[in-house]
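Each chain, written out:
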Amino acid sequence: MKKMLSKEMRNFLTGILFILPNFIGFLIFTLIPVIASLVLSFLKWDLINPPEFVGLNNFFYLIKEDQAFWAVLKNTGYYSLLVIPGTIIFSLILAVLLNAKLKGSVVFRFIYFLPVVTSTVAVSLVWSWIYNPSFGLLNNFLSKFGVPPVAWLSDPRTAMVAIAIVSIWTGAGNNMVLFLSGMQGIPEQLYEAAGLDGAGPFRKFFSITLPMLTPTTFFVLVMTTINSFQVFDLVYMMTGGGPNNSTRTIVSYIYETGFEFFNMGNASASAWILFAFIFILTLIQFKVQNKWVQYYDAS
Amino acid sequence: MMRNNTFEMLKKILIYILLIILAIIMGLPFLWMFSTALKDPSQTFVIPPQWIPNPIKFQNFIDAWQEANFGTYFVNSAIVTIATVFGQLLTSAFAAFSFARLKYKGRDVLFFGYLATMMIPGQVTMIPNFILMRYFNWIDSYKALIIPAIFTAYGTFMLRQFMLTIPRELDEAAIIDGASKWQLFWRVIFPISKPALATLSVFSFIGAWNSFLWPLIVISDETKFTLPIGLSIFKGNMVSNYNLMMAGTVISVIPILIMYCTMQKYFMKGIAVGAVKG
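If you're wondering where the values come from, they're calculated on a predicted model, not measured in any experiment.

(A) Spatial organisation of the packing of helix H2 (residues 57-65) of chain A against helix H12 (residues 264-292) of chain A. All names here are of chain A. Put simply, H2 and H12 touch, their axes get as near as 9 Å, and they point 65° apart. By the angle class used here, H2 and H12 are roughly perpendicular. Handedness of the crossing formed by H2 with H12: right-handed. Touching Asn-58, Phe-59, Tyr-61, Leu-62 and Ile-63 of H2 are Gly-265, Asn-266, Ala-269, Ser-270, Trp-272 and Ile-273, all from H12. Grouping the amino acids of the contact of H2 with H12 by side-chain chemistry returns 7 nonpolar, 4 polar and no charged.

What follows is the structure, given as C-alpha cells:
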C-alpha cells in the first residue's frame, strides 16, 4: 500500500505526461536554440573550423564598423515607416466601407482577404510581373494618364516603395478584420446620441469611431511593427536586396551572413540586435499608449 | 425627409463605387495570374495587355507539373503540410489540456515561459535550429520540415484559452462517471474543442503550406523542394517562360484558395479572437 503514489504525485505525473511531447519539442527547438543563439553570438564560427570565443566583438563590429549593417537597419526603418501607416490607413478604409454592411459586403470581404492567405512567394511573382517596366499592368495603366514608364523594381528610388505597396496590399485584409471586430464592439447608442445632436458621418467617425478603435489600432500598430521589421520573403523574391542594396533588410542580412557566408557568430548577434530593436519599439509603444489609447468600460 | 433619402442613397452609391475600385485593386493581380498562366508566350508580351487568352493553353499546367517539377513540389508540400497540421493539433491539444485542466506544480511558470518565447523572432532560433538539423542529419529530409514545426506555442496558447471556457460541470460529470484524465481529454474536452481545433488547423495549414524561409535554409535537394522553394527559382523574374511560372504559381495557390473558400469563417474568427482582448 505504501507503493501507492500520493494524489499530488499522481496529478503531477499526469500533467507532465500530457505536456511531455509538446514540452520536449519546446525544449529542443525553442528553448535550447534561444540560449544557443545567445552563446553563438559570442563566438566566431564558420561550422567547419572550431569555434572561437570572441566576447562582445561581434556586437561591436556590427554596431561600430559594419556599414552594411547600418544600411540595412536604415532600409528596414524606411520600409516600416512606409508600411505601418500605410497598412493602418488602408485597412481602416476597408473596414469602414465594409462596416456599412451594404448588400454584397460578404463578397467584397472575401476578395479583400484573399491576398492574406496567399503565399508571399506567389504574391511576389505576380507583382513582379505587374511591375514589369515594359509589359506590366501598372505602367500600362499609368500610361493612360500620360505617366512615363517607371522601372519600379530596378530604380533605387522606387524599389522600396514598390515592395511596401505589395506589403500593404497583402496585409490589409488581416488588419481590416481586426478593425471590423473593433467596430462591432462600439455601442450603437453612441452613434444615435451623436446623430440626435446633429452630427454627420464624418463627425461621427472622427469623434466616436476613431477614439473607440484606439485599442484595436494599438494592437494593429504593435503587430505591424513587429512584422515589418522581420520582412524577408518579399524582398528576397522581388529584388534580392537590390538595386544597389537599397532594399536589403535586416533579415536579408542575417540570412546572407548565416547561410551564404556561414558566419554564425555575426548572424546570431545581428538576430539578437533585431530582437532588441523590436523589443524596445514594442516597449515604447506600450508605454506611450496611455497618451492616446482609450479603453472603454462597457458599464 | 426627402433630402435625407437622397443623401442616404448618394452615400450608398459612393460606398459601392469605392468597394468596387478596391475590389479591383485587391483582386486584379489574381485574375492577371490566372490569365497569364493560360496564355501562350506570344500573347503575354503585348501592349496593351490582353486579358482573355486565345487560345486557352492548359498545356502550361501540364508542363509546369511535369517538366518544371511542380508535381513533385506539390506532393512534398502536401506531405509536409498534412503531417505538420496533425502534429500541431495533437501536441497543442495535449499541452493545452495540461495547462487548462490539470493542476501541478510549476504549471503556470511553464506556461508563462511558453508565452515569453512567442516574443522572440524566429530569426533568433533559426540559426541554432539549422545547426541542430545538420547534427541530426535531417538536412534535405521531410523530418527537418515537419518535426520542428509541430511544436507551436501559439497553438498551445490558443487552445488553452479555449479550453478554459469549457464549463467545469462537464468535467465533473465525467469524473463522477469514473473517467480517467485521459478519457476526460479524449471523450469530453477534445471533441468540444472542435471549433478551436478547426481554427488552429486552418492557420496551421496556411503556415505550413506557405512556409518559405525555413525550407529555404534546410532543403537544397531539388526532389524535396516544397512549392514556395520551387517557385523561388523564378525570383527576379529572370525567366524565359512567364506562363509556366504563373502556372506554377496557380498550382501553389489553388489548395489555399479551396481551403479559404470552405473554411472562411474560421479565418475571420481566429483573427478576431486574438485581437479584441488585446
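(B) Molecular detail of the interface of chain B and chain A. Facing the 95 residues of chain B at the interface are 81 residues of chain A. For the chain B face of the interface with chain A, the top three residues by lost area are B:Leu19, B:Met26 and B:Ile127, together amounting to 9%. Between chain B and chain A we count 0 salt bridges in total. There are 11 residue pairs in polar contact (both at pLDDT 80 or more) connecting chain B and chain A.

(C) Quick look at the pattern of salt bridges. Applying the stated criterion to the full structure yields 5 salt bridges over all chains. Put simply, A:Glu256 and A:Arg248 hold a salt bridge, and the shortest N to O gap is 2.9 Å. With respect to class, A:Glu256 is no different from A:Arg248; both count as buried. Between B:Arg107 and B:Asp108 there is a salt bridge, with the nearest N and O atoms lying 3.3 Å from each other.

(D) Structural detail: the packing of aromatic side chains. Inspection of the entire model under this criterion finds 54 aromatic pairs over all chains. With a centroid separation of 5.7 Å and 35° between ring planes, the pair formed by A:Phe275 and A:Phe279 is classed as tilted. In this pair, A:Phe275 and A:Phe279 are both assigned in helix H12, 4 residues apart and thus about one turn of the helix distant. An aromatic cluster is present here, built from A:Phe18, B:Phe94, B:Phe97, B:Trp182, B:Phe185, B:Trp186 and B:Phe190 joined pairwise through their rings. The ring of A:Phe60 has A:Lys64 sitting right over it, with the charged end atom 4.7 Å from the ring centre. Above the plane of the ring of B:Tyr142 lies B:Lys224, whose end atom (NZ or CZ) is 5.7 Å from the centre.

(E) Molecular detail of the layout of surface pockets. Computed from the structure, the second largest pocket encloses a volume of approximately 1300 Å³. Lining of the second largest pocket is provided by 33 residues; of these, A:Val96, A:Pro201, A:Phe205, B:Lys11 and B:Ile15 occupy positions nearest its centre. At the level of elements, helix H3 (67-99), helix H7 (159-184), helix H8 (188-196) and helix H9 (201-229) of chain A together with helix H1 (2-37) of chain B are the ones that each hand at least two residues to the lining of the second largest pocket. Per-element accounting of the lining of the second largest pocket gives the leading share, 8 residues, to H1(B). Its residues placed into classes, the lining of the second largest pocket shows 20 nonpolar, 6 polar and 7 charged.

(F) Quick peek at unusual backbone geometry. Residue and element names in this part refer to chain A. Of note, the bond from Gly-242 into Pro-243 is cis; its omega dihedral lies within 30 degrees of zero at -15°. Within the secondary structure, Pro-243 is located in the loop between helix H10 (233-238) and helix H11 (250-259). For Asn-245, which is not glycine, the phi torsion reads 60° and is therefore positive. One can find Asn-245 in the loop between H10 and H11. Looking at Asn-245, the relative accessible area reads 47%, which means it is partly exposed. You will see that Phe-262, though not glycine, has its phi angle at about 50°, which is positive. Along the chain, the position of Phe-262 falls in the loop between H11 and H12. Assessed through its relative accessible area of 31%, Phe-262 is described here as partly exposed.

Cut-offs and rules
- Residues numbered from 1 in each chain as written.
- Chains lettered and ligands numbered in written order.
- Predicted model: local features only at pLDDT ≥ 70, side-chain atom pairs only at ≥ 80, totals over all residues.
- Heavy atoms only, no water.
- Axes fitted to C-alpha atoms, helices over the stretch in contact; angles between N-to-C directions.
- Helix = DSSP H or I, 4+ residues; strand = E, 2+ residues; numbered from the N terminus.
- Parallel < 35°, antiparallel > 145°, perpendicular 65-115°, else oblique.
- Left-handed = near helix turned anticlockwise from the far one by under 90°.
- Contact = heavy atoms within 4.5 Å.
- Nonpolar A, V, L, I, M, F, W, Y, C, P; charged D, E, K, R; others polar.
- Buried area = accessible area lost by both parts, 1.4 Å probe.
- Salt bridge = Lys/Arg side-chain N within 4 Å of Asp/Glu carboxyl O.
- Polar contact = N/O pair within 3.5 Å; in protein donor to acceptor, adjacent residues only side chain to side chain.
- Buried < 20%, exposed > 50% of the residue type's maximum accessible area, 1.4 Å probe, protein only.
- Phe/Tyr/Trp six-rings, centres within 6.5 Å; stacked < 30°, edge-to-face > 60°.
- Lys NZ or Arg CZ within 6 Å of the ring centre and 35° of its normal.
- 1 Å grid on protein atoms, 1.4 Å probe; cavity = no way out; pocket = protein on both sides within 12 Å on 5 of 7 lines; lining within 4 Å.
- Points joined across faces, edges and corners; volume = space filled by probe spheres on them.

Remember, this is a structural readout, not a statement about activity or role.
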